[in-house]
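Listed below, chain by chain, are the residues.
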Amino acid sequence: MSPSTRGPQDDPRRGTGGGGAAASSTGRRPASGDGKRRGPDRRKPATPSDRPGSVQPARRIALEVIRAVREDDAYANLLLPSKIAAAGLDSADAGLATELTYGTLRLRGYYDRVIELASGRPVAEIDGAVLDVLELGCHQLLSMRVATHAAVNESVELARQVASRSATGFVNGVLRGITRTPASEWLEKVMDAATDDDDRLAAAASHPAWVIRAFRRALAADGVPAADVPFQLDELLEADNTAAALSLAALPGLVDRDDVGAGTEPSPLSPVGLRAPSGDPTGIPAVHDGTARVQDEGSQLAALALSRARPIVEGERWLDLCAGPGGKTALLAAEARLGGATVVANEPVPARAGLVRRAVAALPEPPVVWERDGTTVGDAEPESFDRILVDAPCTGLGALRRRPEARWRKAPSDVAELVDLQQRLIDSAVAALKPGGVLAYVTCSPHVGETRGQVQGALRRWPDTLEQLDAQAVLREVTGDAIALGAPDAAVQLWPHRNSTDAMFVALFRKLPA
Ligand SMILES: C[S@@+](CC[C@H](N)C(=O)[O-])C[C@H]1O[C@@H](n2cnc3c(N)ncnc32)[C@H](O)[C@@H]1O
């Protein structure tokens, strides 16, 4: 079975999440991102954690985060850094906590199948707190080089702390049972027990089957030939399970990307982007002072598609309708400032609006931040903006590298609700846009209902009002032709396996003069 890996953007101090063990969907083995095994060295002398009755802080913290994700829908990439900081973990233990947390969250779909086979019980019948402990134990036993006795003993101790005394015997029995079969054989057993091809793919790649089907449709919609879809799907699932590299955006006009230093290299894709070595980016002076920001290159391109769709005319007003946490707002505002335009940001969730204010604090005249329901802005501010970004709330299925638990958070039934909200946000943006203005519709999901389906719907609803602009041409220009795109189309779909970005979707529209 797979070792887990930890990539640079898994560093919890960055709050980006993601990274780690990968599962090859056709390779018949959940595979690691880079094939290297990381984790505690078996040859290390016994630590206090090896003694009965004690639990290493990294394991305790990982379990707390995994539990909060399950019980409270917590975001691992937000909760983990605060817990690590509160516990004062050194960088080795912070790394271990990160690997345990993200690796377990990512591969829990696979581990649950192993647990069912080893325990003879459906996981639905296992107490949630006990299941968390078992999944965490599985990750150590099947994907990390943790010594068996440490993984089992500490899991038993964790079970004692979070569940009943009787649960300790169950956890001990199940985990010891798992150790009696080599990791590779567990994979075979899981595959043999799968019900059909999609279920086998779901098991090996630790993605829900509905997500796999949505990816397959999205690849086909992006023009991938039918015969290539299975291969690209395989690459995509593997990329999803691999840590994203650390990328930064140098805010134009605030810092020159050549001056950021600290071992960063210019991004081959984004003209404002940098790729950074692993480590804590807050140690980079430009990141510390907010003039450079951790941001996926796909997100950078989505913002630049709007700011560079055409030359900026001084005095233009731009709106970022769904702004939290503010990554694109900061880049848009920096671009706008250089052209003499101003930006208003809108984010209805107060805590996220606070993050937007922090994200733009380095700008000399930061954007105003509204806290309104974006669906009402069109009525309240008709024909008021020259450019509007709708970076819509979505399933987030394009950002699984950074948010490993997101795949388990959403269900197919969530898609319809999101599609309805996206549509209302688009309509509100159309109303708020000045005639002749430009609208960018962006999602970090490749789900066709949230992407091309929304484009077709908008053009159907606004036949005399909207025309689609060629976002592929805009981004070819922005990237100096460095961008790999799907079949020729006006919209852009980026992919982790093709572009090394999140799976961002970008469509551009112009509002026709009345
Ligand atoms: C995909 S995120 C935006 C990411 C952001 N543009 C960035 O780059 O950092 C979508 C945002 O839309 C917000 N949102 C949810 N419902 C909304 C609504 N009715 N109106 C406006 N924004 C909404 C969410 O709170 C979330 O912060």
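Refer to the structure printed above.
Residues numbered from 1 in each chain as written. Predicted model: local features only at pLDDT ≥ 70, side-chain atom pairs only at ≥ 80, totals over all residues.

1. Points about unusual backbone geometry
Glycine aside, residues mostly have negative phi angles, and peptide bonds mostly take the trans form.
Phase 1: Omega for the bond connecting G324 with P325 falls within 30 degrees of zero, at 5°, which places this linkage in the cis form.
Phase 2: Tracing the backbone through its elements, the reader meets P325 in the loop between strand 5 (317–320) and helix 13 (327–339).
Phase 3: Even without being a glycine, D73 presents a positive backbone phi close to 60°.
Phase 4: You can see D73 is positioned in the loop between helix 1 (57–72) and helix 2 (76–87).
Phase 5: Among the residues examined, D73 registers 9 C-beta atoms within 10 Å and is labelled exposed.
Phase 6: One non-glycine residue, S500, lies in the positive phi region at around 55°.
Phase 7: Along the chain, S500 turns up in the loop between helix 20 (496–499) and strand 12 (505–511).
Phase 8: Take S500: there are 22 C-beta atoms within 10 Å of it, and that puts it in the buried class. (Helix = DSSP H or I, 4+ residues; strand = E, 2+ residues; numbered from the N terminus. Buried ≥ 20, exposed ≤ 12 C-beta atoms within 10 Å, placed from the backbone.)

2. Remarks on the packing of helix 2 against helix 3 (residues 91–119)
Phase 1: It is the contact of helix 2 with helix 3, at a shortest axis distance of 11 Å, that shows an interaxial angle of 155°. In this view, helix 2 runs roughly antiparallel relative to helix 3, as classed from their interaxial angle. The handedness of the crossing between helix 2 and helix 3 is right-handed. Between helix 2 and helix 3, the residues in contact are A76, L80 and I84 and A94, A97, T98, T101, Y102 and L105, respectively.
Phase 2: When its residues are assigned to classes, the contact of helix 2 with helix 3 shows seven nonpolar, two polar and no charged. (Axes fitted to C-alpha atoms, helices over the stretch in contact; angles between N-to-C directions. Parallel < 35°, antiparallel > 145°, perpendicular 65-115°, else oblique. Left-handed = near helix turned anticlockwise from the far one by under 90°. Contact = placed C-beta atoms within 7 Å. Nonpolar A, V, L, I, M, F, W, Y, C, P; charged D, E, K, R; others polar.)

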